Amino acid sequence: MTSQFRGETPTGAMPRLSRRGFLASAGTAAGAFTLGFSFPLPAREVAQTATGASMPEVNAWVVIRPDEAVIIRIARAEMGQGSLTGLAQLIAEELDCDWDKVRFELVKPGENRRRGRVWRDQSTGGSRAIRGSQEYVRTGGATARMMLVQAAALGWDVKPEDCTVAKGVITHRPSGRSTTYGAVAAAANRIAPPATVTLKDPKDWTIAGKPLKRLDTADKLNGSLVYGMDISMPGMLVAVPKACPVHGGKLASFDAAAVAGMRGVKHVLRVDDETVAVVADTFWRAKTALDALPIVWNEGPAAAVSSATIAEMLREGLSADTPYIGNKAGDAKGMLAKSGRIIEADYSYPYQNHAPMEVLSATVRWTPERCDAWAPTQVAEAALDAVAVAAGLPAESCEVHTMRIGGSFGRRLVTDYVRMAVLIAKQIPGTPVKMMWTREEDMAQGRFHPVTQCRLRASLDGAGNVEALHMRISGQSIMAYARPSVMTANGDPFIFQGLMPDGAEMAIGYTIPNLLIDHAMRNPHIRPGAWRGVNLNQNAVYLECFIDELAHAAGADPLVFRRKLMVNHPKHLAVLEAAAKGIGWGTGTAPGVHRGLAQIMGFGSYVAAAAEVSVSDGRVKIHRIVAATDPGYVVNPQQVEAQIAGSFAYGLSAMLYGECTVKDGRIEQQNFDTYSVLRLDEMPVVEVIAVPSGGFWGGVGEPTIAVAAPAVLNAIFAATGKRVRNLPLKNAALRKVQA
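Residues numbered from 1 in each chain as written. Predicted model: local features only at pLDDT ≥ 70, side-chain atom pairs only at ≥ 80, totals over all residues. Heavy atoms only, no water.

K.L.:
I tried to follow the overall build of the chain on my own but got confused; where do I start?
P.N.:
For the chain, the helix and strand inventory stands at 17 helices and 29 strands. For 739 residues, the compact-globule estimate of 2.2 N^0.38 gives 27 Å, and the C-alpha radius of gyration of the chain, at 27 Å, lies within 12% of that figure. Dimensions of the chain, computed from C-alpha atoms along their principal axes, come out at roughly 85 × 75 × 50 Å. For the chain, the proportion of its 739 residues judged to be buried stands at 61%. Taking as baseline every contact in the chain between residues at least 6 positions apart, the subset at least 24 positions apart corresponds to 77%. Accessible surface for the chain amounts to roughly 27200 Å². Of this, 53% is attributable to carbon and sulfur atoms. For the chain, the distance from the average site of its 78 positive side-chain charges to the average site of its 70 negative ones is 2 Å. (Helix = DSSP H or I, 4+ residues; strand = E, 2+ residues; numbered from the N terminus. Rg over C-alpha atoms; globule rule 2.2 N^0.38 Å. Buried < 20%, exposed > 50% of the residue type's maximum accessible area, 1.4 Å probe, protein only. Contact = heavy atoms within 4.5 Å. Areas by Shrake-Rupley, 256 points an atom, 1.4 Å probe, with all protein chains shown as cover. Lys, Arg positive; Asp, Glu negative; His and termini not counted. Charge placed at Lys NZ, Arg CZ, Asp CG, Glu CD.)

Okay, here's the thing in structure tokens:
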């Protein structure tokens, strides 16, 4: 895989980068002092650290050790996306410390609760880790700096405003005296936090905005990092569960005696109404016994469901009445009814599995007095609540020990596996139990990217201008299943990601005088969930491929056609123009190579992609993709480049191969032999152009994934004359249409 980064931020020009460096991380040590900014504490005079050890504190975010090491507390989940380093950069920037001395410590949700949520929100999803907490973590670093300077000034009996800071060294300008953070940290702990704090202008950043090496790489490379599935404890047992393969089905019975005598087997347990688990002294022995366990399922009426019956349900929704409207302007239906030139197309998007490399797992030790869980999770506080409920204990008697995660992509926003681990451990009091899902169980019991279909109808006037567009989405609602409390009289607001009329999060980038975008909610029994990019993925395919169809029908260049619709959307247009320029739109290509474009806004950022592909003997080769993004600000350009390249690998895997089919009510794809992902030799060259315009904070990890597929699909049409409207691409016949 080749990847390049080009761009400019408000802090200056960014070079092309290598993203394979590393910086060793280190843990905390005794004798540290903690600094930060003011939040109400239950008992400020009682010194505590994030891990509960006793030591004096001013506040929560920064720990300065006597050896000058700077420990930065991180409350959001790190699952490979790099937010841990980005958040540390923001705090270190305002702290004016030496980046080479920065280390990190993860925050536990129980401690956060005990301290009045001093670290605030611990959920990590929707590309919000940095943009959702940047202001208050920066404030934490700035407050700590001011208190350290104040401590030094008091010791010298000088004015704080006569002091400067650089890389953790405080200097009194008039006298030339200097001291270090480590030398004044203890004194700083006794100083009240300032009432007002001024944050740096991003143009003055020296740590944030720079391609610094990540803090969490070395232990991955040397193998010392312990993921959730790697945990080992004295006396620990391993539980392997199996739930009814038909979602919503029940566990009727199982014959524990049939496997009770197998080597290493300790327990065969009913976990809940759907699940049985075998507990043994090793994973393999538990799995082997589970495979041999006679189980009877009550699969229910959903056992008759198939991909074909689901598709028919969705197809009916394409023409049904619906009250759920996401975007409306003018009278699209009226204009279409009287138009003499209608362009119409139906698209579809399949179920897809998160399929992270680390399968779901959690280790739990339960006693009647306390429950501890070691759980890789994107939602630490929600996981703590799930632990408490399942344990039958107050939350104050429970803790979730947060861990870094071996991939998630939204799957660990759900806490079902944490609850299950507690229910198992509760039946074996005092014994640590590591619950691990098999890959097959992980695939079968996923929370799948929802299945949808879309019908688009548009009319063009004599000059090729779009008069009206009706976009009907028919399919599954994640929120109706996962968070029914957010449903409104207008249905699921998240269905319309990237298609909203305005707003700072998911606004459409085109002005069409007569527009109707609506949703026919159809919910099969397969459990849906937030899959990286969520509904932005299919919406970008539907809209951007159909806009390309309209450009072709109008006889217009796809870029020129879009420009006319984007006059009122300058930020959308800016990234599209940047991607087009980067790919060389309008210039010649190598023989047989063709180009395609796409743009969208999602998760607060404006993104676009331009792709170069060739098709030979029905096989697609993706040569190159240029991505442009405007996230407002770039905290670490190296991480932006890595995130976008990684999102393209994920998005192109989905476009080429990602399809989960249903037979007899259950998901058919059980492992990577039937659920393929992009191989290294299939990965195109990726070039990233950052055009951060400032003034807002957008996401990075999720929005760009959405433009990968439509850019490639539009390039395939340019190469073959054939539209691919139903994903994945592996099911399409791509022989070139003969003139």
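K.L.:
What exactly am I supposed to notice about the pattern of salt bridges here?
P.N.:
It is possible for side chains of opposite charge to pair when their charged atoms get near one another. For the coordinates displayed, the defined rule picks out 43 salt bridges. Its salt-bridge partner being K101, residue D98 comes within 3.1 Å of it at the nearest N-O pair. When its relative accessible area of 32% is taken as the criterion, K101 is described as partly exposed. Here D548 and R723 are joined by a salt bridge, their closest N and O atoms 3.8 Å apart. (Salt bridge = Lys/Arg side-chain N within 4 Å of Asp/Glu carboxyl O.)

K.L.:
Help me understand the packing of aromatic side chains, please; the structure alone is not making it clear to me.
P.N.:
Given two aromatic rings, one states the distance between the centres and the angle between the planes to describe the pair. Overall, the coordinates contain nine aromatic pairs when judged by the stated rule. Ring centres of W531 and Y650 lie 4.7 Å apart, and the angle between their planes is 25°; this geometry places the pair in the stacked category. Of this pair, W531 sits in the loop between β23 (514–521) and α13 (536–553) while Y650 sits in helix α16 (residues 637–656), and the two are 119 residues apart along the sequence. Take W531 and Y650: they sit in the same class, and that class is buried. Ring pairs connect the aromatic residues W205, Y633 and W697, which therefore count as one cluster. The ring centre of Y136 lies 4.5 Å from the NZ or CZ of R120, which sits over that ring. Looking at R723, its charged tip hangs above the ring of F717, at a distance of 3.7 Å from the centre. (Phe/Tyr/Trp six-rings, centres within 6.5 Å; stacked < 30°, edge-to-face > 60°. Lys NZ or Arg CZ within 6 Å of the ring centre and 35° of its normal.)

K.L.:
Where do I start with the environment of M335 in this structure?
P.N.:
Locating M335 in the fold gives a position in helix α8 (residues 332–338). We classify M335 as partly exposed; its relative accessible area is 22%. Sequence-wise, M335 and L460 are 125 residues apart; in three dimensions their C-alpha atoms are separated by 10 Å. In contact with M335, not counting residues within four places along its chain, are S459, E467, A468 and N514.

K.L.:
What is the right way to look at helix α3 (residues 134–156) in this model?
P.N.:
Under the 1.5 Å per step criterion, the end-to-end length of α3 is 33 Å for 23 residues, consistent within 8% with the ideal 33 Å. For α3, the buried fraction is high: 18 of the 23 residues fall into the buried class. A positive backbone phi angle near 60° is found at D157, which sits one or two residues after α3. (Expected span 1.5 Å × (residues − 1).)

K.L.:
Looking at this model, I keep getting lost on the nonpolar core. Mind explaining?
P.N.:
Nonpolar side chains in soluble globular proteins generally cluster together in the buried interior. Within the largest apolar cluster, 98 residues are counted, with the highest numbers of intra-cluster contacts made by V541, F648, M655, V712 and L713. Those residues within four positions of V712 in sequence are excluded, and the remaining contacts are A611, V613, I622, I625, L652 and M655. Core analysis: the second largest hydrophobic core is formed by 50 residues, I72, A88, C97 and W697 among them. (Core = buried A, V, L, I, M, F, W, Y, C linked by side-chain atoms within 4.5 Å.)

K.L.:
Can you walk me through the side chain of N535 in this structure?
P.N.:
Relative to the helices and strands, N535 is located in the loop between β23 and α13. Given the relative accessible area of 1%, N535 is considered buried. For N535, the side chain forms a polar contact with the side chain of Q538, separated by 2.9 Å. N535 has contacts with P450, I478, F494, I495 and Q497, leaving out every residue within four places of it along the chain. (Polar contact = N/O pair within 3.5 Å; in protein donor to acceptor, adjacent residues only side chain to side chain.)

K.L.:
Would you mind going over the state of the cysteines with me for this structure?
P.N.:
All told, the structure shown has zero disulfides when counted by the stated rule. A disulfide-free cysteine, C97 has its sulfur positioned 18 Å from the sulfur of C163, the nearest such atom. Of all cysteine sulfurs in the structure, the one in C244 sits closest to C660, which takes part in no disulfide; the separation is 17 Å. The class of C660 is buried, set by a relative accessible area of 3%. (Disulfide = S-S within 2.5 Å.)

K.L.:
So what exactly am I meant to see when it comes to the sheet that holds β23 here?
P.N.:
Within a sheet, each strand pairs with its neighbour through backbone hydrogen bonds, oriented either parallel or antiparallel. Across the sheet, five strands lie side by side as β15-β23-β22-β21-β16; this open sheet has mixed pairing. Of all the strands in the sheet, just β15 (324–329) and β16 (342–349) have a single pairing partner and so form its edges. Ignoring strand direction, the axes of neighbouring strands in this sheet form an average angle of 10°. In the sheet, β16 pairs with strand β21 (residues 452–460) via eight bridges, with the strands oriented antiparallel. Note that in β21 the partner of E344 across the bridge is R457. (Pairing = 2+ DSSP bridges. Axes fitted to C-alpha atoms, helices over the stretch in contact; angles between N-to-C directions.)

K.L.:
I tried to follow the domain arrangement of the chain on my own but got confused; where do I start?
P.N.:
Think of interface size as the accessible area that goes away when the parts come together; that is how it is often given. Annotation of the chain at the domain level lists domain 1 (49–206), domain 2 (236–299 + 358–444) and domain 3 (318–352 + 448–731). A C-alpha centroid distance of 37 Å is found between domain 2 and domain 3. The interface of domain 2 with domain 3 comprises 14 residues on the first partner and 17 residues on the second. Three residues, H247, F409 and M443, lead the burial of domain 2 against domain 3; their summed loss comes to 51% of the area buried on that side. A salt bridge links E274 to R527, with the nearest nitrogen and oxygen atoms 3.0 Å apart. At the junction of domain 2 with domain 3, the criterion picks out five residue pairs in polar contact (both at pLDDT 80 or more). When grouped by side-chain class, the residues that make up the side of domain 2 that touches domain 3 number six nonpolar, three polar and five charged. (Domains from an automatic or database assignment. Buried area = accessible area lost by both parts, 1.4 Å probe. Nonpolar A, V, L, I, M, F, W, Y, C, P; charged D, E, K, R; others polar.)

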